[in-house]
Amino acid sequence: MSLQVDPAVRHQHAMLHSVGHVIGNIGQRHGWKPVKAHHWPGECRIEFMPEASNRDLTADEIEDALATLIQAQLAAQIHVDDKGLRWVGFGELAPWPCGGTHLASLAEVGGQVSAAVKLKKNKLVVKYDIESKE
């Protein structure tokens, strides 16, 4: 018996997962190392630990950076290294080991990304969601 997956649900999960990769890169640009991520609808979050030269990062900054990168329509870059590890990134953004489902391009993000930022016990927690354009 094969499992039938609704294409719309699969696309939603791929959007959230792909946007999570991009948020991880945005955090890294500001000195925050992503250490944990969860991309389920309604529960999306990424936890970051501070690196030596971090700076505060606001939800508006994340949303603005995301809008710019989505508008650039960065294509997914997927490769498998010589150890069999699958790496996923977008455009020239840093890739991460990942076995999940992703968009072929950020051009497929079908909505406005909203973010919320919280600093808790020296961890930066970014929660996010995608509001449909419809």
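Reading guide: rules and limits
Residues numbered from 1 in each chain as written. Predicted model: local features only at pLDDT ≥ 70, side-chain atom pairs only at ≥ 80, totals over all residues. Heavy atoms only, no water. Helix = DSSP H or I, 4+ residues; strand = E, 2+ residues; numbered from the N terminus. Rg over C-alpha atoms; globule rule 2.2 N^0.38 Å. Buried < 20%, exposed > 50% of the residue type's maximum accessible area, 1.4 Å probe, protein only. Contact = heavy atoms within 4.5 Å. Areas by Shrake-Rupley, 256 points an atom, 1.4 Å probe, with all protein chains shown as cover. Pairing = 2+ DSSP bridges. Polar contact = N/O pair within 3.5 Å; in protein donor to acceptor, adjacent residues only side chain to side chain. Expected span 1.5 Å × (residues − 1). Arc of directions from axis to C-beta.

Participant: Looking at this structure, I do not really get the overall build of the protein. What am I missing?
Facilitator: Within the protein, the regular secondary structure consists of two helices and seven strands. Helices and strands in the protein line up, N terminus first, as α-β-β-α-β-β-β-β-β. Taken over C-alpha atoms, the radius of gyration comes to 15 Å for the protein, in line with the 14 Å a tight globule of 134 residues would show. Considered along the principal axes of its C-alpha atoms, the protein spans approximately 50 × 45 × 30 Å. Going through the 134 residues of the protein one by one, you find that 37% of them count as buried. Counted over contacts in the protein with a minimum sequence separation of 6, partners at least 24 positions apart contribute 53%. Accessible surface, the protein as shown: approximately 8,100 Å² in total, 51% of it carbon and sulfur.

Participant: Sorry, what's going on with the sheet that holds strand β3 (residues 76–80) here?
Facilitator: Neighbouring strands of a sheet are bound in pairs by backbone hydrogen bonds; such pairs are parallel or else antiparallel. Here three strands make up an open sheet; going across it, the order is β3-β4-β5 and the pairing antiparallel. The outermost strands of the open sheet, each flanked by one partner alone, are β3 and β5 (96–97). Looking at chain direction, strand β4 (residues 86–90) and β5 are connected through two bridges and run antiparallel. Directly across from W87, in β5, lies its bridge partner P97.

Participant: Even after reading the chapter, I still don't get the environment of Y128, so can you show me in this structure?
Facilitator: Structurally, Y128 can be placed in strand β7 (residues 123–132). On the basis of relative accessible area, Y128 is assigned to the buried category, the value being 4%. Considered as a pair, Y128 and I70 are 58 residues apart in the sequence and their alpha carbons are 15 Å apart. Setting aside residues no more than four positions away along its own chain, Y128 makes contact with L16, V19, G20, I23, H38, H39, C44, R45, I46, S114 and A115. For Y128, the side chain forms a polar contact with the side chain of H39, separated by 2.6 Å.

Participant: Explanation requested: helix α2 (residues 59–71) in the structure shown.
Facilitator: Between its terminal C-alpha atoms α2 stretches 18 Å, which fits the 18 Å expected from 13 residues at 1.5 Å a residue. Within α2, the full set of buried residues consists of A59, I62, A65, L66, L69 and I70. All buried residues of α2 lie within an arc of 130° about the axis, which places them on one face of the element. Relative to its buried face, α2 has exposed residues pointing more than 90 degrees away, namely D60, D64, T68 and Q71. In this structure, the buried side of α2 is in contact with α1 (7–29), β6 (111–120) and β7. Looking one or two residues past α2, Q73 carries a phi angle of roughly 55°, positive in sign.

Function cannot be read off these values alone, since they describe shape.
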